[in-house]
Every structure is written in C-alpha cells, then in structure tokens.
Amino acid sequence: MASLPPRPRLAIVNTSEDLIEVLTTFFEEEGYDVASAIVRSFRTNEKDLKQFIAAHDPQVLVWDIALPYEENWSYFERVRQSPVMKGRRFVLTTTNEKRVREVAQPDEELTEIVGKPFDLRQLADAVKRARKAP
C-alpha cells in the first residue's frame, strides 16, 4: 500500500488569536499541517523564532503586518533576513495594503501582500502560488 504524500507545512503568524484560529482550521481542512504563533510572542522573546521554525519547518509563512506599519515591517525584514528563513516563502496580510505596499515590494521570497478583509479562498490561492514559486 502506497503511503500518502506529506502534507504541505504552513505557519500562520498573526496579531489576532481569533484570526489564527479561523485560519488554522481553514488551512487544516485544505490539507496543510499548520503551526501558528502571535507576532508579539516572537518580538518579546516569549517564543524563540529559530526553535519554532526548526520544530515546524514551514514552507510558507502567512505573516501579518499590523500598526505601526513601518515598525512592524522593519521587524519582519529582520526576521526574513535570518538564516533560518532562507528559502521560505511569505504571504503578508495587513489591514492597510496600500501602506504596506509603500514600504514593501514583492520579491522571490515575499510573494504576495493580501489586504484585509480577505476572502479565505483568495488567501489559499496566494499560499498555493507561494508554494509553487521558484
């Protein structure tokens, strides 16, 4: 009997516990293994980002950029430059897509910026594109 292929791994890093719960349930139903964390838990060192990545090994991270945008973008950029993030893809979510686009430009790792409110299917499509990105 052939074994099933491994489920794709996804991390959801957001500012809202409620949204994390909704997105986790949705993506698990879509066939993903999902790990999640609150952004501030990394910023305050309550959780160790390197340990989180090592334990869950996500292919794609759905990362929320909240107010203040410049400060949170700056933090995200530091995270993204960490060697443990090499080769991982990011889909950003934000309540102010226009402002985040002013400070961020999509590239090979940051595949998309999705404004809130978003349709879950829209976000799922962005994650699928990120997984297929070179």
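Residues numbered from 1 in each chain as written. Predicted model: local features only at pLDDT ≥ 70, side-chain atom pairs only at ≥ 80, totals over all residues. Heavy atoms only, no water.

Enquirer: So what exactly am I meant to see when it comes to the overall build of the protein here?
Expert: For the protein, the count of helices and strands is six helices and five strands. Each helix and strand of the protein, placed in order from N terminus to C terminus, yields the pattern β-α-β-α-α-β-α-β-α-β-α. In terms of C-alpha radius of gyration, the protein reaches 14 Å, essentially the compact-globule figure of 14 Å for 134 residues. With the principal axes as the frame, the protein shows a C-alpha extent of 50 × 30 × 30 Å. Counting all 134 residues of the protein, 46% fall into the buried class. Of the contacts formed within the protein by residues at least 6 apart in sequence, a portion of 59% connects residues at least 24 apart. Accessible area of the protein: about 7,500 Å², with a carbon and sulfur share of 50%. Here the protein carries 20 positive and 22 negative side-chain charges, and the mean point of each set is 4 Å from the other. (Helix = DSSP H or I, 4+ residues; strand = E, 2+ residues; numbered from the N terminus. Rg over C-alpha atoms; globule rule 2.2 N^0.38 Å. Buried < 20%, exposed > 50% of the residue type's maximum accessible area, 1.4 Å probe, protein only. Contact = heavy atoms within 4.5 Å. Areas by Shrake-Rupley, 256 points an atom, 1.4 Å probe, with all protein chains shown as cover. Lys, Arg positive; Asp, Glu negative; His and termini not counted. Charge placed at Lys NZ, Arg CZ, Asp CG, Glu CD.)

Enquirer: When you look at the packing of aromatic side chains in this model, what are you seeing that I'm missing?
Expert: The relation between two aromatic rings is expressed through the spacing of the ring centres and the mutual angle of the planes. Taken as a whole and assessed by the stated rule, the structure comprises eight aromatic pairs. Look at phenylalanine 26 and phenylalanine 27: their rings are 5.1 Å apart centre to centre, the planes differ by 80°, and that puts the pair in the edge-to-face class. There is no split in this pair, since phenylalanine 26 and phenylalanine 27 are both buried. Aromatic rings pair up to connect Phe42, Phe52, Trp63, Trp73, Tyr75, Phe76 and Phe90 into one cluster. (Phe/Tyr/Trp six-rings, centres within 6.5 Å; stacked < 30°, edge-to-face > 60°.)

Enquirer: Please explain unusual backbone geometry as it appears in this structure.
Expert: Trans is the prevailing form of peptide bonds, just as negative phi is the prevailing case for residues other than glycine. Across the junction of leucine 67 and proline 68, the peptide omega takes the value -15°, indicating a cis bond. Despite not being glycine, aspartate 57 shows a phi value in the positive range, around 45°. Turning to its location among the elements, aspartate 57 is positioned in the loop between α3 (49–56) and β3 (60–65). With a relative accessible area of 34%, aspartate 57 lands in the partly exposed category.

Enquirer: Is there a simple way to think about the pattern of salt bridges in this case?
Expert: Between side chains of opposite charge, a pair can form as their charged atoms come close. Taken as a whole and assessed by the stated rule, the structure comprises 10 salt bridges. The salt bridge partner of aspartate 57 is arginine 9, with a shortest N-O separation of 3.2 Å. With aspartate 57 in the loop between α3 and β3 and arginine 9 in strand β1 (residues 9–14), the pair connects residues that are 48 residues apart, well separated along the chain. Close ionic contact of arginine 80 with glutamate 77 constitutes a salt bridge, the shortest N to O distance being 3.0 Å. Of the two residues, arginine 80 and glutamate 77 both sit in helix α4 (residues 69–81), three residues apart, roughly one turn of that helix. For arginine 80, a relative accessible area of 8% gives the class buried. One salt-bridge network, in which partners are shared between bridges, spans Arg9, Asp57 and Arg88. (Salt bridge = Lys/Arg side-chain N within 4 Å of Asp/Glu carboxyl O.)

Enquirer: So what exactly am I meant to see when it comes to the sheet that holds β3 here?
Expert: Working definition: the strands of a sheet are paired by backbone hydrogen bonds and lie parallel or antiparallel to each other. What the five strands build is an open sheet, ordered β2-β1-β3-β4-β5; its pairing is parallel. Single-partner strands in this sheet number two, and they are β2 (33–38) and β5 (110–115). Each strand axis lies, on average, 20° off the axis of its neighbour in the sheet, ignoring direction. Bridge count for β1 against β3 is four bridges, and the pairing is parallel. Counterpart to valine 13 in the pairing with β3 is tryptophan 63. Sitting on the sheet, helix α1 (residues 17–29) is in contact with β1 and β2, with an inclination near 175° to β2. (Pairing = 2+ DSSP bridges. Axes fitted to C-alpha atoms, helices over the stretch in contact; angles between N-to-C directions.)

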